[in-house]
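Fold and contact review
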Amino acid sequence: MFSKFNVAFVTLAVLSALENVTARYVVLERDGRHLSIIGRSFGNEHPAVIDQLAAACPGQVCGVLSGQAITPLLAAQGECTQQDMADAIIDAAQQFDDPTKSNMIQLAIVYRQAEKNTPPDFTTNPPTQRNSVFCQKAPKNAELNNLVQAQDPSNDPNVFFDPATGKSVQKGAQANTSPFVVSGSSAANSTGTAATSVALIESATASAAPSSVVVLSSSASLVTATAASADPCVVTVTVTGDAAATSVAVTPAASETSSAAVATSTASSSSIGNFGSCTVPQIEFGAGFDGRKETSFQPVDKTSFNHGSAQGIDIITKFICDTLTNSCGADQTAKDTCAKAEAAADAQTAKTGAQADAFNAVFGITTDFAAVTALDDQGAPIAGTGASAGATSVEAVATTTSAAAAAAATSAAASGASSSSIGDFGSCTVPQIEFGVGFDNRKETSFQPVDKTSFNHGSAQNIDIITQFICDTLTNSCKADQTAKDTCATAKAAADAQPPKTGAQADAFNAAFNIKTDFAAVAAVDDQGNVVAGTGASAAAASAAVSTASVADVATSVATSSAAAATSAAATSSSAGIGNFGKCSVPKINFGVGFDNRKETSFEPADQVSYVHGSADNGDIITQFMCDNLVNVCGADATAKATCAQAKVAFDSKTAKTGAQADAFNAVFGITTNFASITPLDNQGKPVVAA
């Protein structure tokens, strides 16, 4: 009897005696010819420089730029879109401090030289790998002169892909098969040390490559780009590298699309011109663009005019008018119209919506951005702007939020002290430090600069870190005069003369600049969230005579932070009257614009350590959370819970989505605020007109 194994063995033996068995290999075909499968170079669409750009500057400006930088590297994009994007990065860099600006410019240089995707030519057999055509115009910024994109060395050196026609072009058949040369200029002019390295420039190829390439290397100094061979497509660029540059965590950010409706032009094409491949220019004005606290301008159509926001409208108008020439292919009438629109915008009050309205009106577009209240870089309304500018009773500018208090203090310093007495601070504001809990989500109290635009530094428990940074910045970035630097040195010494890690240090520093604050009233909190004995309002009272004598000689205005005001007010309320809040602070709600990068006004808990909750357009979300927190987390007594319930009722008795609701809630806890003076804004950043 055969076993299963024997049956299998006999079967194989029989088959082996037969003729060879062959299998058919099926070849993929198209139109009777075999089809090669070519892998797509996805890495070309997202080189490392894009992620590095996302983390190159504060706020969302670089995140937006990073998102926008992907599209120009796609095969179907125009020959100059990559260069235009690099120009946009350099334009955006101008608003930042010198180190940030220098880094962004170097990233723009690297981005300009990244390889651009091109599809193979499948009409040939085998398919031909093609180069990308070159931009035939000078860049806006000289740093990009004579820089071109890298080409894959495996490409046919004589064949190019033209996105305008979607077809192959032989080298020499069109001007764009050779780089555009800017005479008498040098490439890669640097304003400082670049935070780039050879590893970043992953698209660069060897100088021996047979096709158009850009070769980059790291060295201690920056040299001028020179021709590496007789082939004009080969350019050698040496970029300054810093091997010790600190790696920055990348925060992915998507490209932001404006939600504003695009107004339609009522002007005829013959009167304003032909804008070629672009739409009729239009600018919008509002809060929250690119995560800004302040109001700013930006193009409405980011496809035609790819530029981030800017506080100065001239940056946007100039870019739009340049784009009409460089990319859109607009006619002369359109360019002349844009020049008129630039002039019209400049004739209006700077940094107000009226400038956008004037620009748009020249193109036959009616907008009403003049009704939008202008906000400063702390998110505080600027008096005399917006819908209330022409009203008989001008709305009071809020001074109870920490941002508004900071702005008021800065204003007081500017008006209360002559420049000759404290100095000229150049491009920066008068220095001021605040002290409180919750900065950068800390449990403990800490110090930080009030104006993060002029003095961009996070919080620190040790005030010396902040004072040293501020004084250094006056020299390194602000271009302050010697008197200002001397005043800062005096302020540092004054801060060091006070008890460490107390608000009195911030008060002493600010007083040297003629700014009176009362952070000494804020109780110091350790890194476990416990109040430090002998600090705060009671300690400040004991030394009131000394403090008053030292400050009265120089101060002319009081700008007390909301944190200090809340703590001080709460201290005056008896525990028996409002209850015991356990391990949490007395509840308080803030109302303002810019919370969590919102365009609209919203509510949030003032103390994010005791009440960890983001902002909400509907204040009931915040009040309910805080009252629940007293039960679930704080260990508050019954009186405190009852007080919170009363505060909720008071909150709901006021007009919804207004600061009056926050004032009513806070008042029940004995805290006086004036958020009612803040103009509510809708989700487009426009003032809400009272019914």
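Residues numbered from 1 in each chain as written. Predicted model: local features only at pLDDT ≥ 70, side-chain atom pairs only at ≥ 80, totals over all residues. Heavy atoms only, no water.

Looking only at helices and strands, the protein chain has 21 helices and 14 strands in total. Long-range contacts, defined here as pairs at least 24 residues apart, represent 57% of the contacts in the protein chain between residues at least 6 apart. (Helix = DSSP H or I, 4+ residues; strand = E, 2+ residues; numbered from the N terminus. Contact = heavy atoms within 4.5 Å.)

Here the focus is the side chain of E434. With respect to the element layout, E434 can be found in strand β11 (residues 433-437). No salt bridge is formed by the buried E434, whose closest oppositely charged neighbour, K452, lies at an N-O distance of 6.4 Å. Within polar-contact distance, the side chain of E434 engages the side chain of Q448 at 2.8 Å. (Buried < 20%, exposed > 50% of the residue type's maximum accessible area, 1.4 Å probe, protein only. Lys, Arg positive; Asp, Glu negative; His and termini not counted. Salt bridge = Lys/Arg side-chain N within 4 Å of Asp/Glu carboxyl O. Polar contact = N/O pair within 3.5 Å; in protein donor to acceptor, adjacent residues only side chain to side chain.)

The residue Q151 is located in the loop between β3 (131-132) and β4 (159-162) in this model. With 21 residues separating them in the primary sequence, Q151 and R130 have C-alpha atoms 8.9 Å apart. For Q151, the side chain forms a polar contact with the main-chain oxygen of S132, separated by 2.8 Å.

A few words on the pattern of salt bridges. One pass over the structure, following the stated rule, counts seven salt bridges. With a closest N to O distance of 2.7 Å, R292 and E294 form a salt bridge. R292 gets classed as buried once you look at its relative accessible area, which sits at 10%. Judged by its relative accessible area of 9%, E294 falls in the buried class. D322 serves as the salt-bridge partner of K318, at 3.7 Å between the closest nitrogen and oxygen. With K318 and D322 both in helix α7 (residues 313-328) and four residues apart, the pair spans about one turn of that helix.

Read across the sheet, three strands follow the order β3-β4-β5 without closing on themselves; strand pairing throughout is mixed. Both outer strands of the open sheet, β3 and β5 (167-170), are each paired with one neighbouring strand and no more. Looking at chain direction, β4 and β5 are connected through four bridges and run antiparallel. In the sheet register, D162 faces β5, and the bridge partner there is K167. (Pairing = 2+ DSSP bridges.)

Let us now look at the state of the cysteines. Under the defined criterion, the tally for this structure stands at eight disulfides. The disulfide partner of C57 is C62, and the gap between their sulfur atoms is 2.0 Å. A torsion of 130° about the S-S bond marks the disulfide between C57 and C62 as right-handed. The exposure classification of C57 matches that of C62, with both residues buried. Bridging C584 to C634, the disulfide has an S-S length of 2.0 Å. Handedness here is read from the sign of the S-S torsion; for C584 and C634, about -85°, the answer is left-handed. In this pair, C584 is assigned in the loop between α18 (575-578) and β13 (589-593) and C634 in helix α19 (residues 619-634), connecting sequence segments 50 residues apart. Given a relative accessible area of 12%, C584 falls into the buried group. (Disulfide = S-S within 2.5 Å.)

So, on to α19. Along α19, the sharpest kink reaches roughly 35°, centred on D628. Within the span of α19, buried status applies to G619, I622, T623, M626, C627, N629, L630 and C634. Looking at the packing, one finds that the buried side of α19 touches β13, β14 (601-605), α20 (638-652) and α21 (659-668). For α19, the N-terminal cap is N618; the gap from its side-chain oxygen to the backbone nitrogen of D620 is 3.0 Å. Two residues or fewer past α19, G635 is found with a positive phi of approximately 75°. (Bend = angle between axes of the 7 residues up to and from the residue.)

Another aspect to go through is the packing of helix α12 (residues 463-478) against helix α13 (residues 482-496). Contact geometry of α12 with α13 gives a least axis separation of 10 Å together with a crossing angle of 175°. Considered as vectors, α12 and α13 are oriented roughly antiparallel to each other. Contacts from I463, D464, T467, Q468, I470, C471, L474 and T475 in α12 reach A484, K485, C488, A489, K492, A495 and D496 in α13. Here the residues of the contact of α12 with α13 sort into eight nonpolar, three polar and four charged. (Axes fitted to C-alpha atoms, helices over the stretch in contact; angles between N-to-C directions. Parallel < 35°, antiparallel > 145°, perpendicular 65-115°, else oblique. Nonpolar A, V, L, I, M, F, W, Y, C, P; charged D, E, K, R; others polar.)

A few words now on the packing of aromatic side chains. Tallying each qualifying case throughout the model produces eleven aromatic pairs. With a centroid separation of 5.2 Å and 55° between ring planes, the pair formed by F509 and F513 is classed as tilted. Assigned by exposure class, F509 and F513 land together as buried. Following the ring pairs from residue to residue traces out a cluster consisting of F275, F359 and F363. (Phe/Tyr/Trp six-rings, centres within 6.5 Å; stacked < 30°, edge-to-face > 60°.)

In terms of burial, helix α9 (residues 353-362) is a largely internal element, eight of the ten residues being buried. Buried within α9 are the following residues: G353, A354, Q355, A356, D357, A358, F359 and N360. At its buried positions, α9 is contacted by β9 (283-287), β10 (295-299), α7 and α8 (332-346). Phi for G364, located one or two positions after α9, is positive at around 80°.

Okay, the pairing of β10 next. For β10, the buried fraction is high: five of the five residues fall into the buried class. The side-chain alternation of β10 yields two buried faces, one formed by T295, F297 and P299 and the other by S296 and Q298. Note that β9 and β10 share five bridges and pair antiparallel. Pairing of A287 across the sheet is with T295, part of β10.

For the rest of this paragraph, the subject is the pairing of β13. With five of five residues buried, β13 is to be regarded as a mostly interior element. Where burial is concerned, the two faces of β13 agree: the one with I589, F591 and V593 and the one with N590 and G592 are both buried. Summarising the sheet, β13 and β14 pair through five bridges and their orientation is antiparallel. By the bridge assignment, N590 is partnered in β14 with E604.

The topology assignment puts V688 in the segment after α21. The contact partners of V688, leaving out residues within four places of it in the chain, are P680, L681 and D682.

One way to put it is that α19 packs onto α20 with a least axis distance of 9 Å and a crossing angle of 175°. For the element pair α19 / α20, the angle class is roughly antiparallel. Taking contact as the criterion, the partners of G619, D620, T623, Q624, M626, C627, L630 and V631 in α19 are, on α20, A640, K641, C644, A645, K648, F651 and D652.

This brings us to unusual backbone geometry. For the peptide bond that leads from N125 to P126, omega is 5°, which places it in the cis range. Within the secondary structure layout, P126 lies in the loop between α5 (98-112) and β3. Residue K657 is not a glycine yet carries a positive backbone phi of 60°. Along the chain, K657 falls in the loop between α20 and α21.

Our focus in this paragraph is the environment of G577. Summarising the element assignment, G577 is placed in helix α18. What makes G577 partly exposed here is its relative accessible area of 49%. Here the alpha-carbon distance between G577 and T639, two residues 62 residues apart in the chain, equals 7.9 Å. In this structure, G577 is in contact with T639 and T643, ignoring residues within four places of it in sequence.

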